[in-house]
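Remarks on the overall topology
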Amino acid sequence: MSQDYKVQIHDHAKSIKYSLKVPDDYYILHSAEQQGHELPFSCRNGACTTCAVKILYGDIYQPEAMGLSPELKDKGYALLCVSYACSDLEVEIQEEDKVYELQFGKFFAKGNVKLGLTLGED
Ligand code: FES
């Protein structure tokens, strides 16, 4: 038998705080949508981080969150599209691209790109 948890989701971009009940056997994003709330998403399979949140308190189970490194999970980030509530929760929607930047920014060069293209030499 499933259990419901109280989930509060802060969306600072829209200045909204959603408060909902989520069964422990439903993805949080799916449950929020069924209750009429529009949350950010894209891939819906734990890969893109568009639905990323920071957990303020509570526990989440997210074994399919392949888009998040173990380090970011340890720091309290979660992907709502593939997350189950394991307790009452309070989470904060992250700015678009913030979690992607945190995770992959170190792999990309910063600053201007210099192109070394030489044309027309015979
Ligand atoms: S919507 Fe892409 S990771 Fe959740």
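A brief look at the structure comes next. (Residues numbered from 1 in each chain as written. Predicted model: local features only at pLDDT ≥ 70, side-chain atom pairs only at ≥ 80, totals over all residues. Heavy atoms only, no water.)

1. A few points about the environment of Gln3
Tracing the backbone shows Gln3 in the segment before strand E1 (4-11). Residues Gln3 and Pro23, 20 residues apart in the sequence, show an inter-C-alpha distance of 5.4 Å. When neighbours within four sequence positions are excluded, Gln3 is seen to be in contact with Val22, Pro23 and Asp24. A polar atom in the side chain of Gln3 sits 3.4 Å from the side chain of Tyr5. (Helix = DSSP H or I, 4+ residues; strand = E, 2+ residues; numbered from the N terminus. Contact = heavy atoms within 4.5 Å. Polar contact = N/O pair within 3.5 Å; in protein donor to acceptor, adjacent residues only side chain to side chain.)

2. Side note on the pattern of salt bridges
When the charged atoms of two side chains lie near each other, side chains of opposite charge can form a pair. For the structure on display, the rule yields one salt bridge. Across the pair Glu33 and Arg44 runs a salt bridge, and its minimum N-O distance is 2.8 Å. Here Glu33 is found in helix H1 (residues 28-34), whereas its partner Arg44 is found in the loop between H1 and strand E3 (52-57), with eleven residues between them in sequence. Exposure remark for Arg44: the relative accessible area of 39% places this residue in the partly exposed category. (Salt bridge = Lys/Arg side-chain N within 4 Å of Asp/Glu carboxyl O. Buried < 20%, exposed > 50% of the residue type's maximum accessible area, 1.4 Å probe, protein only.)

3. Quick notes on the nonpolar core
Among the nonpolar cores identified, the biggest contains 29 residues, and Val7, Ile9, Ile28 and Leu39 are the most heavily contacted of them. In contact with Val7, not counting residues within four places along its chain, are Tyr18, Ser19, Leu20, Val22, Ile28, Ala85 and Leu89. (Core = buried A, V, L, I, M, F, W, Y, C linked by side-chain atoms within 4.5 Å.)

4. As for a nonpolar patch on the surface
On the surface, a cluster of nonpolar side chains totalling about 360 Å² of accessible area is made up of Tyr100, Phe107 and Phe108. Inspection of the secondary structure puts Phe107 in the segment after helix H3 (98-104). (Patch = residues over 30% accessible without salt bridge, like charges linked within 9 Å, V, L, I, M, F, W, Y side chains within 5 Å. Areas by Shrake-Rupley, 256 points an atom, 1.4 Å probe, with all protein chains shown as cover.)

5. A few points about the packing of aromatic side chains
All chains considered together, the criterion is met by three aromatic pairs. Ring centres of Tyr100 and Phe104 lie 4.8 Å apart, and the angle between their planes is 50 degrees; this geometry places the pair in the tilted category. Highlighted residues: Tyr100 and Phe104, both in helix H3, separated by four residues, approximately one helical turn. Residue Phe104 is classed as partly exposed on the basis of its relative accessible area, which comes to 29%. Three or more aromatic residues link up through ring pairs in this structure, and these residues are Tyr27, Tyr61 and Tyr84. Residue placement shows Arg44 over the ring face of Phe41; its charged tip is 4.0 Å from the ring centre. Sitting above the plane of the Tyr77 ring, Lys54 keeps its charged end 5.1 Å from the centroid. (Phe/Tyr/Trp six-rings, centres within 6.5 Å; stacked < 30°, edge-to-face > 60°. Lys NZ or Arg CZ within 6 Å of the ring centre and 35° of its normal.)

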